[in-house]
Amino acid sequence: MPESVPRQYSLVRFRFDQLPVEYHDRYPFTPDGVYVFFGDIPNMPGHCVVADHKSGRVYSGFHTQSFAELPEETWHAH
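Computed from a prediction, not measured in an experiment: that's the story for all the values here. (Residues numbered from 1 in each chain as written. Predicted model: local features only at pLDDT ≥ 70, side-chain atom pairs only at ≥ 80, totals over all residues. Heavy atoms only, no water.)

Enquirer: Looking at this structure, how should I read the pattern of salt bridges?
Expert: Counted according to the given criterion, the structure contains three salt bridges. For the salt bridge of R7 with E72, the shortest nitrogen-to-oxygen distance reads 3.1 Å. Of this pair, R7 sits in the segment before β1 (11–14) while E72 is found in the segment after β5 (67–69), placing the two residues 65 residues apart along the sequence. Judged by relative accessible area, R7 falls into the partly exposed class, the value being 46%. Take E72: its relative accessible area is 43%, and that puts it in the partly exposed class. Residue R15 is joined to D17 by a salt bridge in which the shortest nitrogen-to-oxygen separation is 3.1 Å. On the basis of relative accessible area, R15 is assigned to the buried category, the value being 17%. Overlapping salt bridges, with partners in common, bring together R7, E69 and E72 in one network. (Salt bridge = Lys/Arg side-chain N within 4 Å of Asp/Glu carboxyl O. Helix = DSSP H or I, 4+ residues; strand = E, 2+ residues; numbered from the N terminus. Buried < 20%, exposed > 50% of the residue type's maximum accessible area, 1.4 Å probe, protein only.)

Structure representation (structure tokens):
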């Protein structure tokens, strides 16, 4: 079964578990970073736009399946 795509504007993390360790430093994301998922790029299927939740910096063109939506209960206390 294919993995679910995060909901638009949901909080997500980058899935470093999908990459070999030697590739981790090739991405602008951090293991504890939280990002806002803006959605897929319509004319680049399978690629998305996210923004760093703290800095607002926008990243585009990364694989959608590389992001996992965080559970809602994680953020209700903040």
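Enquirer: Got a minute to help me understand the nonpolar core in this structure?
Expert: In summary, soluble globular proteins display a tendency toward joint burial of nonpolar side chains. Core analysis: the largest hydrophobic core is formed by 10 residues, namely V12, F14, F16, F29, Y35, F37, C48, V50, Y59 and F67. Within the residue set of this core, elements represented by two or more residues are β1, β2 (35–41) and β3 (44–52). What Y59 contacts, discounting residues up to four positions off in sequence, is P28, F29, Y35, C48, V49, V50 and D52. (Core = buried A, V, L, I, M, F, W, Y, C linked by side-chain atoms within 4.5 Å. Contact = heavy atoms within 4.5 Å.)

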